[in-house]
Each structure stands twice: as C-alpha cells, then as structure tokens.
Amino acid sequence: MKQAPVHDLVVVLPGIMGTRLADADGGAVWDLSGGALWRGLRTFGRSVQRLRLPDDIGDDHPGDGVRPLGTMPDLHVIPGLWHPVDGYSSLLRWLEQNFTLRSRRPNDPPNTPANLVEFGYDWRLSCRYNAHRLKERVTEELDRWRSSAPERADAQVVFICHSMGGLVARFYVECLGGYEVTRRLITLGTPHRGSLDALTHLVNGLRKGWGPFGVDLTAFARSLPSLHQLAPDYACVSTPDGLAHPRDLPGLPGPDEKLLADAARFHTELREAAESPGRDALTDLVTITGVRQPTATTATYTGELLVPAWEIDGVDEGGDGTVPRLSARPANAAGTGHLTSEIFTPNEQHGSLQNNRGVRDALWGQLGHEAPFHRGEGDESTPALSVLAPPLLAHGEPYEVAVSVPDGVRGHDELLVVAELRPADGRPASSRSLRNLGGGRYRGVFPAPEGGGYRLAVRVEGRAESTVTALTLVGEAGE
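Here's what I pulled together on the structure shown here.

Calculation rules
Residues numbered from 1 in each chain as written. Predicted model: local features only at pLDDT ≥ 70, side-chain atom pairs only at ≥ 80, totals over all residues. Heavy atoms only, no water. Buried < 20%, exposed > 50% of the residue type's maximum accessible area, 1.4 Å probe, protein only. Helix = DSSP H or I, 4+ residues; strand = E, 2+ residues; numbered from the N terminus. Pairing = 2+ DSSP bridges. Arc of directions from axis to C-beta. Disulfide = S-S within 2.5 Å. Axes fitted to C-alpha atoms, helices over the stretch in contact; angles between N-to-C directions. Patch = residues over 30% accessible without salt bridge, like charges linked within 9 Å, V, L, I, M, F, W, Y side chains within 5 Å. Areas by Shrake-Rupley, 256 points an atom, 1.4 Å probe, with all protein chains shown as cover. Salt bridge = Lys/Arg side-chain N within 4 Å of Asp/Glu carboxyl O. Lys, Arg positive; Asp, Glu negative; His and termini not counted. Charge placed at Lys NZ, Arg CZ, Asp CG, Glu CD. Polar contact = N/O pair within 3.5 Å; in protein donor to acceptor, adjacent residues only side chain to side chain. Contact = heavy atoms within 4.5 Å. Core = buried A, V, L, I, M, F, W, Y, C linked by side-chain atoms within 4.5 Å. Parallel < 35°, antiparallel > 145°, perpendicular 65-115°, else oblique. Left-handed = near helix turned anticlockwise from the far one by under 90°. Nonpolar A, V, L, I, M, F, W, Y, C, P; charged D, E, K, R; others polar.

**A few points about the pairing of strand β20 (residues 441–446)**
Judged by which residues are buried, β20 turns out to be one-sided: Y442, G444 and F446 face inward and are buried, whereas R441, R443 and V445, on the alternate face, are not. As paired elements, strand β16 (residues 399–404) and β20 share 6 bridges and run antiparallel to each other. Counted as the bridge partner of A402 is R443 from β20. The pairing of strand β19 (residues 435–438) with β20 spans 3 bridges and is antiparallel. In the strand pairing of β20, R435 is matched with R443. Between the antiparallel neighbours β19 and β20 lie 2 residues, among them G439 with a positive phi of about 65°.

**Here we look at helix α1 (residues 37–47)**
Residues of α1 that are buried include every one of L37, W38, G40, L41, F44 and G45, and no others. Buried residues of α1 fall within an arc of 150° about the axis and therefore sit on the same side.

**Looking at the state of the cysteines**
All chains considered together, the criterion is met by 0 disulfides. No disulfide involves C127; its sulfur sits 11 Å from the nearest other cysteine sulfur, which is in C161. On the accessibility criterion, C127 (1% relative accessible area) is buried. In this structure C175 is a free cysteine whose sulfur lies 11 Å from that of C127, the closest cysteine sulfur available.

**Brief notes about the sheet that holds β20**
Read from one edge to the other, the open sheet built from 4 strands follows the order β14-β16-β20-β19, with strand pairing classed as antiparallel. Strand pairing shows two members of the sheet lacking a second neighbour, β14 (386–388) and β19, which therefore form its edges. Here the average twist between neighbouring strands, direction ignored, is 25°.

**As for a negative patch on the surface**
Among the surface-exposed residues, E311, D313, D316 and E317 lie close enough to one another that they form a single negatively charged patch. With respect to the helices and strands, E317 occurs in the loop between β12 (306–309) and β13 (339–344).

**Considerations on the side chain of D122**
By secondary structure assignment, the location of D122 is in the loop between β5 (116–118) and α3 (127–146). At 2.8 Å, the side chain of D122 forms a polar contact with the side chain of R124. If sequence neighbours within four positions are ignored, D122 has contacts with L21, H61, V66, P68 and N130.

**Here's the deal with helix α9 (residues 357–366)**
For α9, the complete set of buried residues consists of V359, R360, A362, L363, W364 and Q366. Two residues or fewer past α9, G368 is found with a positive phi of approximately 95°.

**Quick word on the sheet that holds strand β21 (residues 452–460)**
On the basis of which strands lie adjacent, the open sheet formed by 5 strands has the order β15-β22-β21-β17-β18 and mixed pairing. The open sheet has two free edges, formed respectively by β15 (392–393) and β18 (430–433), since each of these has just one partner strand. Both β21 and strand β22 (residues 463–474) contribute to a ladder of 8 bridges, which runs antiparallel. Bridged to A457 within β22 is T469.

**Details of the pattern of salt bridges**
On inspection of all chains with the given rule, the structure shows 27 salt bridges. Here R102 ties to D108 by a salt bridge, and the two come within 3.1 Å at their closest N and O atoms. Classification of R102 as partly exposed rests on a relative accessible area of 35%. A cluster of three or more residues bridged by salt bridges with shared partners is formed by D59, R128, D262, R265 and E269.

**A closer look at the nonpolar core**
The biggest cluster of nonpolar side chains holds 61 residues, and the ones touching the most others in it are W30, W123, L134 and F159. With residues near it in sequence (within four places) discarded, W30 still touches M17, T19, R20, L21, L41, F44, M72, H76, V77, I78 and W123.

**With respect to the packing of helix α2 (residues 89–98) against α9**
At a minimum axis separation of 12 Å, α2 and α9 run at an interaxial angle of 45°. Classified by the interaxial angle, the pair formed by α2 and α9 is oblique. Relative to α9, the crossing made by α2 is right-handed. From α2, S90, L91, W94 and N98 reach across to α9, where they touch R360, L363 and W364. Residues of the contact of α2 with α9, tallied by class, amount to 4 nonpolar, 2 polar and 1 charged.

**Re the packing of α3 against helix α4 (residues 165–175)**
Relative orientation of the contacting elements α3 and α4 amounts to 65°, with a least axis distance of 8 Å. When the axes of α3 and α4 are compared, the pair comes out roughly perpendicular. Of the two elements, α3 crosses α4, and the hand of that crossing is right-handed. Residues C127, R128, N130, A131, L134, K135 and V138 of α3 touch α4, and the partners they reach there are L167, V168, A169, F171 and Y172. Among the residues making up the contact of α3 with α4, the classes are represented as 9 nonpolar, 1 polar and 2 charged.

**Some remarks on unusual backbone geometry**
Not every positive phi belongs to a glycine, and D56 is a case in point at roughly 60°. Its location among the elements puts D56 in the loop between α1 and β4 (67–71). The phi dihedral of R292 falls on the positive side, at around 65°, and the residue is not glycine. Topologically, R292 is positioned in the loop between β10 (283–288) and β11 (298–301).

Here you go:
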C-alpha cells in the first residue's frame, strides 16, 4: 500500500505508566506488560520503594538514576495508581505503515534523521519537568529533520498524545515556546481538567485486598507529582455547601497538600499562558474524547473513603471510563484567540483510545489526508454502546459485563450484543452473547478467569464499528 506523505515531525507521547523505566545500570524497574504483567507486579511491589519520590521533589529529578526508555508495548497497569492501559506498539506500527514516517532504528547512527519520534518520559515526575525534557528532544529532532533535506526546512511538529502525555505536550507548547514550531497538538483522552480517578486513588489508596505484593503501593502513589497533576481542576467533591475544588479541602486525607496546591498552579499556568498577550502564533488543539462510558465525575467523602458518582449537577455526561467528558477539553479551549479545538468523540474507553479504528481514521485527517472509506460502516445508525466492566478483578470472582444502549437508537432493546474476553498472553479467547434485560440493557457473565491481563471487546453482532474495548487485570490464586 502506498504511504501517505507527511512533511512534519510527528511526536508520540504515552500516558502515565506508558514509558518503560530503567535504573542507572540498565536494569528494568518498570517494564511489565501483557502476559507477564501479574507475575511481574509481585516483584515490582516488593521493590517499589526504590521508585518512591522524596518529599518536596517539586519539578526536580530525585537523582536516583532512574531513566526513561521506550513506550510500553502492551497492556499495563499499576493497581491503585491508574486503570489498565493498552500499549503503543500498534499505534507506532500503524503510523509507519500508512504514512511516510520513519522512526530511528536501534542500529541507526545517532544522527540519522527520523520524523516519527516516541517520547518516553519518567511518568513519576512533574509534567513541567517532562515538558522541559520534551523541549530539548523536539529541538534536537526538529533541527536534524529540517536540515536533512531542503524541502523539509519549514517542517513543524505534530504531537499525538495519550492521556497525561497531552498535559506534558501542552505545557511545552503553551508555556515553553513550543507554539512557535508546533502545527497541531492532538490529545487522546487527555484529562485537561483532571480525572476523579486520580483523586480517588490518592485518597483511598489500595483497598479491597489489592495489596498482594507484600507492600502497600499507596505511599508510592502519593509521592508522585504527576498523579497530583491529574487530580480534578474543577469542583468535584460534594459538601454541604455544594461541590468543592479538591485544593479547597485541606482536611481531605491522602493527597500531599503541597503537591495538590502546586497541581492547581500547574493548570492555572496552562490556562493563562494560552491567553497571554503577545502570542501571535496559533496552535491547533485537537481533542479526541471517548464518550458514553460510565465515568466517575464527582464524589462524596464519607470520612473514610471518597465515593465516586457518575453525575455532576444531576447530569451523567459520561466520558471514556476514566476521564470525564467535561475534562477532556480545556476550560478555555475556545474563544481565547490563541487556542482552537476540534472534537472527535468515539464510543471507546480510555485505555484503548490509541488503538481504536475510528480514532485512527480521525488521525488521517489531522495528518493531512482523507481517511480510508470502510464499505458499509460508519453511518449514523451505529449503536453507541456503554460498557461497564471491572478494571481489577480478584482471583476466583466471575467476570461480569453490563452494557446499555441509548433509547434514541432505533431497536436499542432488540440488539444481539456479543462480548469476547481475550487474555493478553495469547491464550484462546472466550465469547458470550449477552442476555437482553430489556430497555436497552444487556448483561453477561464469564466464569472466573485465570490471573493476568485481559481485553474485553463488546460489539453488536455484525457491526464491527460498534466495538468498545475494556481492559482488566485479574489476580492470581493465593494472592
């Protein structure tokens, strides 16, 4: 197949946990995915104190020798820190196969020009710190690419960012002058206004027996500036006086108060930089947002736990299962004169947005080309599935999946909905036709799966474009 031409430098940024980390000797300290995920997590749990950050780390590096390597290739998760996320190998392969994009191979000389760059970063650290590292890398790669051929002299940068990677890139673009060389910033499920899941993990820690590693990962999670910068930048905690901003609740246990206050300043800096006087260059911000999935948006603090709720002001706006829809676009995305936004909304969950076919069709347009036509698919009658499945499942528990279809969809209560549960280690998948409960509600139960990572694909029979993917980590016996 002929590759579509791309003149610019394309930089891919993963989300939190999406970069492999090594120590000073090259030994892996975070490099667990796919079939080895659960077994490796037990070892990781015993050694996690090596990755815990000191108090008052701010925007610095702790000097512990930890350094980033490439992006995670497959399904990965740290329980109590974030929900499961798919890897990035497939996205990078797709970009190289379909466009004139080439990454630097391991055996290439260091000065080999490349226009597809995966930017791995130490996801424990502040987004500001990583934005400065991104600036260094982009300056080096763009200079090399522009000087490699006369027709590339005016090349700019296009960022494709999943989740927290979008915050790192936005800080570079808006606060560190990156707008001068950036053509487009594309974010996939980036929590521009934060995610309640991050706050819940900080407050609740590891609960319900998910401390099977010999240590509790809660202290590690609470030491991370990055996780605090993912906390909601909007009023989300119910109080007698209405919804309150997390930074205005000093009695909320768990989060580091200094890190939480600094996270609020981080988001303020992003907003104010985009509106600052003297900005004469525009950067397209394209936000791709998963929708219609059950998503925690607000919460109530009971005195012991933060209890999430799907509604805000009585409305369930949904999201991608991790990032609420209201958060996947900056509060000031439109009307500033310096920031534009185009919205694409696939019915997909957070951890698999980068591998969703509809998302990739949207990327064709953002890279300057018309998307391929899928015969007989993509019409407006495609059923929008809302999927509820467990991100974490203890050993021995059955795997339950619940699906709902909006009543505005014709025949919403007469569909044949099927689900396939596929182990990440390549073992055979199992399938179920979900029971129709009426009213657009469907339910299915799989027998208790063995330990490991799983991908659940739910679709309407015969309608592949309706597929929604949910990711799950299942514990092992004896844990």
